[in-house]
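# Per-entry structural report
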Amino acid sequence: MNKIPILNPVLTIAWLYPELMSTYGDRGNILVLKKIAEDNNINVEVLRINQTSDNQILKKADLIFMGGAQDIQQEIVNKDLLSNKGKTLVEKIESETPGLYVCGAYQFLGKYYKDAYGTTINGLGVFDMHTVSYKEKPRLIGNIVVKSKDSNELFVGFENHGGRTFLTDTSQAFAKVVKGYGNNGEDLTEGISYKNSIGTYLHGPILPSNLTLAKKLLELSIYKKYDKKIELNFEDKYSHIAKKEILKRLNVGD
Amino acid sequence: MRHAILLGKVILKLSKKLKLGSGSTWPGHLALKADKNLIRKIISRNPHLKVVLIAGTNGKTTTTKALKTVLEENSMQVTTNESGANLLNGLATLISKNVNMKGKFPSQALIFECDENTLPKVLLEIPNPSCIILLNLFRDQLDRYGEVNTIAENWKKALSSLDDRTSVIANADDPLIAYIAMGLKNRIFFSVPKELKTSRSLSHAVDSTTCPVCRSGLDYLNVSYSHLGNYICPNCSFKNPKSEARTIETKLSGLYNQYNLNAVFESAKKVFGIDDKKIVESLQSMEPAFGRQEVMDIDGKKVMLLLSKNPTGLNESLKVAIENKSPTLLIVLNDRIPDGRDISWIWDVDFENLRHKRIKIYVSGDRAFDLANRLAFANISCEVLADYKQAFEDAINKTLPQKMLLVLPTYSAMLEIRKLISGKSIL
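So, a few notes on the structure that sits alongside this text. Note that the structure is a prediction, hence the values are computed from the model and not measured.

## What to know about the overall build of chain A
Summing up its helical and strand segments, chain A has 6 helices and 14 strands in all. Its C-alpha atoms put chain A at 55 × 45 × 30 Å along the principal axes. Burial status across chain A gives 59% buried among its 254 residues. Taking the intrachain contacts of chain A between residues at least 6 apart in sequence as the baseline, contacts between residues at least 24 apart amount to 69%. About 10,700 Å² of surface is accessible on chain A, with carbon and sulfur atoms providing 48% of the total. The average position of the 33 basic charges and that of the 30 acidic charges among the side chains of chain A differ by 2 Å.

## Considering the side chain of Ser226 of chain B
Residue and element names in this part refer to chain B. Within the secondary structure, Ser226 sits in the loop between strand S7 (219-225) and strand S8 (228-232). Ser226 sits in the buried class, given a relative accessible area of 5%. In this structure the side chain of Ser226 is engaged in a polar contact, spanning 3.2 Å, whose partner is the side chain of Thr312. Excluding residues that lie within four positions of it along the chain, Ser226 makes contacts with Phe138, Leu202, Ser203, Ala205, Val206 and Thr312.

## Some words on the interface of chain B and chain A
Each side of the interface is counted separately: chain B has 32 residues, and chain A has 38 residues. At the boundary of chain B with chain A, total buried surface from both sides reaches about 3,100 Å², with 52% on carbon and sulfur atoms. Its largest share of buried area at the contact with chain A, chain B owes to Arg215, Trp347 and Phe377 of chain B, together 22% of the area lost on that side. Put simply, chain B and chain A have 3 salt bridges between them. Every element with two or more residues in the side of chain B that touches chain A is listed here: helix H7 (142-145), helix H8 (148-159) and helix H13 (368-376) of chain B.

## Some details on the sheet that holds strand S5 (residues 167-171) of chain B
All names here are of chain B. Strand order across the open sheet formed by 6 strands is S2-S3-S1-S4-S5-S6, with parallel pairing between neighbours. At either end of the open sheet lies a strand with only one pairing partner, and these are strand S2 (78-80) and strand S6 (187-190). Strand-to-strand twist of the sheet, defined as the mean angle between neighbouring strand axes without regard to direction, takes the value 15°. Note: strand S1 (residues 50-55) against strand S3 (residues 109-114), 6 bridges, orientation parallel. Its bridge partner lying in S3, Ala55 is registered against Cys114.

## As for the environment of Phe265 of chain B
All names here are of chain B. Relative to the elements of secondary structure, Phe265 occurs in helix H10 (residues 255-271). Using a relative accessible area of 1% as the deciding quantity, one classes Phe265 as buried. Between the C-alpha atom of Phe265 and that of Ile177, which follows or precedes it by 88 residues, the distance is 18 Å. Apart from residues lying up to four places away in sequence, Phe265 is in contact with Arg246, Ile248, Asp276, Ile279 and Val280.

## Concerning the pairing of strand S10 (residues 301-306) of chain B
All names here are of chain B. Counting buried positions over the 6 residues of S10 gives 5, a clear majority of the element. Both strand S9 (residues 292-298) and S10 contribute to a ladder of 6 bridges, which runs antiparallel. By the bridge assignment, Arg292 is partnered in S10 with Leu306. Hairpin geometry of S9 and S10 is characterised by an intervening segment of 2 residues between the two adjacent antiparallel strands and by a positive phi of about 50° at Asp299. Alignment of S10 against strand S14 (residues 404-409), held across 4 bridges, turns out to be parallel. Looking across to S14, one finds that Val303 is bridged to Leu405.

## So, the packing of aromatic side chains
For the coordinates displayed, the defined rule picks out 13 aromatic pairs over all chains. Here the aromatic rings of Tyr106 of chain A and Phe127 of chain A are separated by 6.4 Å at their centres, their planes lie at 55°, and the arrangement is tilted. One end of the pair, Tyr106 of chain A, is in helix H3 (residues 104-108); the other, Phe127 of chain A, is in the loop between strand S6 (120-122) and strand S7 (129-132), with 21 residues separating them in the sequence. The residues Tyr106 of chain A and Phe127 of chain A share a single accessibility class, namely buried. Here the aromatic rings of Phe234 of chain A and Phe377 of chain B are separated by 5.6 Å at their centres, their planes lie at 20°, and the arrangement is stacked. Taken as a pair, Phe234 of chain A in the loop between helix H5 (211-226) and helix H6 (239-249) and Phe377 of chain B in the loop between H13 and strand S13 (383-384) lie in two separate chains rather than in one. Given the relative accessible area of 18%, Phe234 of chain A is considered buried. Cluster of aromatic residues (ring-pair linked, three or more members): Tyr101, Tyr106, Phe127, Tyr194 and Tyr201 of chain A. The positively charged end of Lys137 of chain A is found above the aromatic ring belonging to Tyr134 of chain A, 4.5 Å away from the centroid. Directly above the ring of Tyr223 of chain A sits Lys229 of chain A, whose terminal nitrogen or CZ lies 5.1 Å from the centroid.

What counts and what doesn't
Residues numbered from 1 in each chain as written. Chains lettered and ligands numbered in written order. Predicted model: local features only at pLDDT ≥ 70, side-chain atom pairs only at ≥ 80, totals over all residues. Heavy atoms only, no water. Helix = DSSP H or I, 4+ residues; strand = E, 2+ residues; numbered from the N terminus. Buried < 20%, exposed > 50% of the residue type's maximum accessible area, 1.4 Å probe, protein only. Contact = heavy atoms within 4.5 Å. Areas by Shrake-Rupley, 256 points an atom, 1.4 Å probe, with all protein chains shown as cover. Lys, Arg positive; Asp, Glu negative; His and termini not counted. Charge placed at Lys NZ, Arg CZ, Asp CG, Glu CD. Polar contact = N/O pair within 3.5 Å; in protein donor to acceptor, adjacent residues only side chain to side chain. Buried area = accessible area lost by both parts, 1.4 Å probe. Salt bridge = Lys/Arg side-chain N within 4 Å of Asp/Glu carboxyl O. Pairing = 2+ DSSP bridges. Axes fitted to C-alpha atoms, helices over the stretch in contact; angles between N-to-C directions. Phe/Tyr/Trp six-rings, centres within 6.5 Å; stacked < 30°, edge-to-face > 60°. Lys NZ or Arg CZ within 6 Å of the ring centre and 35° of its normal.

Purely spatial values, then, with no claim about function.
Laid out in structure tokens, this is it:
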């Protein structure tokens, strides 16, 4: 077991709207974060935060995760975020709390979302981007491979989104599209990387398929909380093989 | 119309003769090209034909087979789409195959198991069928079907033009289904007896736990499985409508089948006028539909096939496995078009329930390693053999005599495995 130079480290992971924003196997991300942390002797507390949770609870989070939703659920969440928890969430992101925001969550952190009928829904505006859904354009669905901008590592996942996201500054992209569509199917950008937060369209879910990303988020959280740089270990049995298999099928070399 | 029927029949014969494969969709596809109103015309020529449409995410095939069994046991001639060709072209094939050249149906009942997205299209062709059975709506293949709420909205719109000639038999315990059917003129709600709803908490893979009327969170008093149970909205008091429910003993296990059988009971009774006792007796003779709890004998060992194609289906199959005495389990995950290409859903399945159970687990299929990865994060060990033939052979060899091998495949994997077992193709 790996030794971490911190006495009884504890990480508090906030899982935003686990019932409502949990459409694409999002739970997998939490399971992976928890197991990797625990195998490294880090105690994990998962806070399940929903629309009835107290607004203050989010302040405790060392790491934040929020997933995608179906339309009706998304509406309920939007309401709660705009009127209650949004301000705290923005503060957390701005103060560099690491976080992962997938699909619907990612879109909602942008400036606005214009739906297929032309109605504009305001987002929290912490990410410098906007999303548009066009009536005549199909959803972007399929396996996706992207190349990390920090490490050149390939990440794999599955995307399924009607909205096209446009970054104001494309250099903020989280990754470059190798196979699939990414933010909008045009400019080869995928997701956004802002401070210690990642917004992305990759589900699959993303962390079980890309364990280094899970480790990176945990390491950042420990650094932020304890001011100590650590390297986590994890004995992976199958994730890397699964990734290799899908890359092979999609004709992408690792 | 005649040339369209003829075309359908000829193509059907040809595709059988040349073994072209899916002879259950192509003939109808071409017949509809020749006459796009073929279905409508045939239906109007057969005013005495009772049409039953069966829709829902899980249980369509079993429900179709059960209703067919009951009607046949009670001396009716029935036509169904048994091979699961459940799009409009499947319906057209079924029709061209069975009618004579004058467009007359020999049978008294036509039972059509209907794809979720196809139900509204079928209702445009057959505006007032005798009966529509609405089983449930679970999250399934989001890349193909879209979101559950979208399907529900489309259904509600399509059903709103029905008149009281159509009996809608709807699941009272599924909030979305209940909501869809509540406003209809001729509706009958079914459920299962309360004592079978033993769970107190919802599983992770639930969808419809928001009130369809006011969008507040629903409170569940008890749960059968997934989001089915007794619910009430704390805000607007939306709750289960009054329903008919009984326990029906058959060869089919699983609580989900009690729902299917109750739906069949109401349909046979209210739409076909068969009496209670006769319905129950006929159901006892029913054998499982292919791949749905179908049991086969291989070298003195029993193999049960349990199609498991979405989180709720797989969760229920795992319950069957856990109740079985130390079985071997083979889970086969494919990501082809009929399976849905997105496999994220395996993370919504409660594999954790398999912990500390004496079950030897094999995984296989196109995405075997992703499945093994899921199990590893649930602290469950398994053997991975991507080649399903090898996996099946190893699994059957490891199964002790008198024990059972349970195979849990996605749709395309089910067809492959069954072909392997029976040595011949079904479709």
